[in-house]
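Here are the chains, one letter per residue:
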Amino acid sequence: MPDGRAPLSRGLLLLMSAATGLSVANNYFAQPLLDLLGRELRLSTTMAGMIVTAAQVGYGLGLILLVPLGDLVERRRLAVMLYAATAVFLLVSATAPNGALLLAGTVLTALTSVAAQVVVPYAATLAAPAQRGRVIGTVMSGLMLGALLSRTVAGGLAELGGWRTVYWVSAILIAGVTVLLWRFLPPLHTPIGLSYPALLRSTIALFRHEPVLRWRAGIAALSLASFNVLWTAVTFLLAGPAYGWSEGGIGLLGLVGAVGTVATTVAGRLADRGYAQRVTGIGSAALAAAWLLIGMGESSLWWLLGGVIVLNLAHQAVLNSNQHVIYALSPQIRNRLNSALMTAFFAGGAAGSALAAVAWVRGGWTAVSVLGGVLACGMFVLWVLERRNVQERRHPAGST
């Protein structure tokens with residue numbers, strides 16, 4: 001490569017993809033286990049629900065406080081330390097005798113599991129420019145598979161050996177990944193000469209100085225908001241009288257959603273050919289159209305499954321194109337750009353989950369479908385406005 005680094009091998013790329021998936025999965029393990037956790041640890045419904053909230057809060061703090069460190073310290077050391085800490089905190093959860101300690105373990109695990117968001121720009125930096133989209137797509141496929149399949153895996157492991165087995169197994173896997181990353185990741189240090197407080201200030205300042213980041217952060221936030229509206233509310237629909245599914249059956253729907261990871265590789269290859277903007281536009285339109293199918297899925301499983309597949313494909317394509325555009329802005333600040341983008345991304349997702357619950361209570365599946373569709377249409381509008389803004393900057397009024 002031009003900078004003297006060794007090219008990114010297929011084996012290392014697959015390792016990084018698996019590492020991101022295993023890391024992010026830890027934030028979703030508790031969701032199908034809440035009833036079991038409540039019974040065994042004698043938690044109230046509110047306290048059990050706080051475990052999921054704790055994971056979201058911890059991850060959000062990690063995005064803001066830890067991910068930017070990739071632009072300040074040597075990246076292999078940072079990634080390995082975060083993965084090692086995650087394994088330790090998983091052991092805290094696995095041995096927790098009460099809800100308070102489980103809550104603490106969950107927050108700390110989520111905080112350090114942002115290691116996944118250190119690995120993604122790490123891979124993008126190691127990749128040759130002409131292959132960056134494909135590399136991002138591969139790594140993000142692992143991340144999204146981890147998020148989507150974690151619920152199914154957690155439910156299966158809990159049935160085999162109880163809820164603690166989930167955390168024990170994950171701790172062992174994360175420890176193994178830590179060793180492999182330490183052994184095979186190449187050193188990568190891009191010092192910027194900033195103190196840690198200045199680094200955090202500069203991350204926030206990116207929203208002011210990078211108009212492309214502002215547009216893409218808005219698109220990303222609305223994309224995950226619409227995505228989470230489905231995955232939050234569909235449990236209510238499938239558990240209700242229209243379907244009457246068990247928790248195990250509902251968890252299996254994640255396998256259908258996993259089909260969407262195919263889009264990350266395809267979108268990445270298209271982005272490498274210069275079509276990142278088109279991928280965003282088509283993906284936004286497809287995500288909005290998916291809600292028409294999902295809306296008809298209130299009483300038809302086939303319409304629902306079709307909508308879930310289209311929505312996941314579109315969401316993954318948009319996410320990949322967002323990252324491709326953002327990472328191209330400046331290689332020297334790639335971790336801070338990723339931190340800013342993903343903070344907006346997950347903030348939008350949290351808002352979507354909260355709005356989905358309100359929509360379900362107020363208007364059932366129809367209100368949920370309208371909410372998801374409106375958010376997706378808003379994303380498409382932002383993309384149109386972004387393109388117009390770019391064209392105006394390229395050809396200002398009065399120029400010849």
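Residues numbered from 1 in each chain as written. Predicted model: local features only at pLDDT ≥ 70, side-chain atom pairs only at ≥ 80, totals over all residues. Heavy atoms only, no water.

Draft legend 1. Quick look at the overall build of the protein. Summing up its helical and strand segments, the protein has 15 helices and zero strands in all. A compact globule built from 400 residues should have a C-alpha radius of gyration of about 21 Å, and the protein, at 21 Å, falls within 12% of that. For the protein, the spread of C-alpha atoms along the principal axes amounts to about 65 × 45 × 35 Å. Across the 400 residues that make up the protein, the buried fraction comes to 53%. Residue pairs in contact within the protein that sit at least 24 positions apart in sequence constitute 83% of those at least 6 positions apart. A total of about 16,900 Å² of accessible surface is found on the protein, and carbon and sulfur atoms cover 68% of it. Across the protein, the mean location of the 26 positive side-chain charges is 8 Å away from that of the 12 negative side-chain charges. (Helix = DSSP H or I, 4+ residues; strand = E, 2+ residues; numbered from the N terminus. Rg over C-alpha atoms; globule rule 2.2 N^0.38 Å. Buried < 20%, exposed > 50% of the residue type's maximum accessible area, 1.4 Å probe, protein only. Contact = heavy atoms within 4.5 Å. Areas by Shrake-Rupley, 256 points an atom, 1.4 Å probe, with all protein chains shown as cover. Lys, Arg positive; Asp, Glu negative; His and termini not counted. Charge placed at Lys NZ, Arg CZ, Asp CG, Glu CD.)

Draft legend 2. Structural detail: the packing of helix H4 (residues 75-94) against helix H8 (residues 163-184). The contact between H4 and H8 brings their axes to 8 Å, and the two run at 160°. As the angle between them shows, H4 and H8 are arranged roughly antiparallel. Helix-helix and strand crossings are classified by hand; for H4 and H8 the assignment is left-handed. Within the contact between the two elements, H4 uses Arg76, Val80, Tyr83, Ala84, Thr86, Ala87, Leu90, Leu91, Ser93 and Ala94 and H8 uses Trp163, Arg164, Tyr167, Trp168, Ser170, Ala171, Ile174, Ala175, Val177, Thr178, Leu181 and Trp182. Tallied by class, residues from the contact of H4 with H8 come to 16 nonpolar, four polar and two charged. (Axes fitted to C-alpha atoms, helices over the stretch in contact; angles between N-to-C directions. Parallel < 35°, antiparallel > 145°, perpendicular 65-115°, else oblique. Left-handed = near helix turned anticlockwise from the far one by under 90°. Nonpolar A, V, L, I, M, F, W, Y, C, P; charged D, E, K, R; others polar.)

Draft legend 3. Region of interest: the pattern of salt bridges. Under the definition given, this model contains three salt bridges. For Arg336, the salt bridge is made with Asp71, and the minimal N-O distance between the two is 3.0 Å. Here the residue Arg336 occupies a position in helix H15 (residues 334-394), and Asp71 occupies one in the loop between helix H3 (45-65) and H4, the gap between them amounting to 265 residues. Each of the two residues, Arg336 as well as Asp71, counts as buried. (Salt bridge = Lys/Arg side-chain N within 4 Å of Asp/Glu carboxyl O.)

Draft legend 4. Up close: empty space enclosed by the protein. Tallying each qualifying case throughout the model produces one cavity of 30 Å³ or more. In this structure, the largest cavity encloses a volume near 80 Å³. Lining of the largest cavity is provided by 13 residues; of these, Asn26, Asn27, Thr106, Thr109 and Tyr167 occupy positions nearest its centre. Those elements giving two or more residues to the lining of the largest cavity turn out to be H4 and helix H5 (99-112). Tallying contributions element by element places H5 first for the lining of the largest cavity, with four residues. (1 Å grid on protein atoms, 1.4 Å probe; cavity = no way out; pocket = protein on both sides within 12 Å on 5 of 7 lines; lining within 4 Å. Points joined across faces, edges and corners; volume = space filled by probe spheres on them.)

Draft legend 5. Examining the side chain of Arg336 more closely. For Arg336, a relative accessible area of 6% corresponds to the buried category. Beyond its immediate chain neighbours, meaning those up to four positions away, Arg336 contacts Pro68, Asp71, Ile192, Leu194, Leu199, Ser202, Thr203 and Leu206.

Draft legend 6. Spotlight on the packing of aromatic side chains. Under the counting rule described, the total for this entry stands at seven aromatic pairs. Judged by centre distance (6.2 Å) and plane angle (50°), the ring pair of Phe227 and Trp231 falls under tilted. Of this pair, Phe227 and Trp231 both sit in helix H10 (residues 211-239), four residues apart, which is roughly one turn of that helix. The two residues Phe227 and Trp231 agree in class, both being buried. Ring geometry for Phe380 against Trp383: centres 5.7 Å apart, planes inclined by 40°, an arrangement best described as tilted. A residue pair is termed a helical-turn pair when its members lie 3 or 4 positions apart in one helix, as Phe380 and Trp383 do in helix H15 at three residues. Given the relative accessible area of 31%, Phe380 is considered partly exposed. (Phe/Tyr/Trp six-rings, centres within 6.5 Å; stacked < 30°, edge-to-face > 60°.)

Draft legend 7. Fine view of helix H6 (residues 115-126). With twelve residues, H6 should reach 16 Å at 1.5 Å per residue; the first-to-last C-alpha distance of 17 Å fits that figure. Summarising burial for H6: twelve of the twelve residues are buried, a large majority. Restricting attention to buried positions, one finds in H6 the residues Ala115, Ala116, Gln117, Val118, Val119, Val120, Pro121, Tyr122, Ala123, Ala124, Thr125 and Leu126. (Expected span 1.5 Å × (residues − 1).)

Draft legend 8. Spatial organisation of the nonpolar core. Ranked by size, the top nonpolar core spans 115 residues in total, and within it Met16, Leu230, Trp291, Leu304 and Trp365 carry the most contacts. Beyond its immediate chain neighbours, meaning those up to four positions away, Met16 contacts Leu8, Val119, Tyr122, Ala123, Leu126, Val139 and Leu185. (Core = buried A, V, L, I, M, F, W, Y, C linked by side-chain atoms within 4.5 Å.)

Draft legend 9. Looking closely at the packing of helix H9 (residues 196-209) against H10. Look at H9 against H10: their axes get within 5 Å of each other, and the N-to-C directions meet at 95°. In this view, H9 runs roughly perpendicular relative to H10, as classed from their interaxial angle. Along the contact surface, H9 presents Leu206, Phe207, Arg208 and His209, while H10 presents Pro211, Leu213, Arg214 and Ala217. Looking at the contact of H9 with H10 residue by residue, the class counts come to five nonpolar, one polar and two charged.

Draft legend 10. Focus on the environment of Gln332. Mapped onto the fold, Gln332 is located in the loop between helix H14 (301-327) and H15. Its relative accessible area of 49% is what places Gln332 among the partly exposed residues. Between the C-alpha atom of Gln332 and that of Val370, which follows or precedes it by 38 residues, the distance is 41 Å. With residues up to four places along the chain from it excluded, the contact list for Gln332 reads Asp71 and Ile192.

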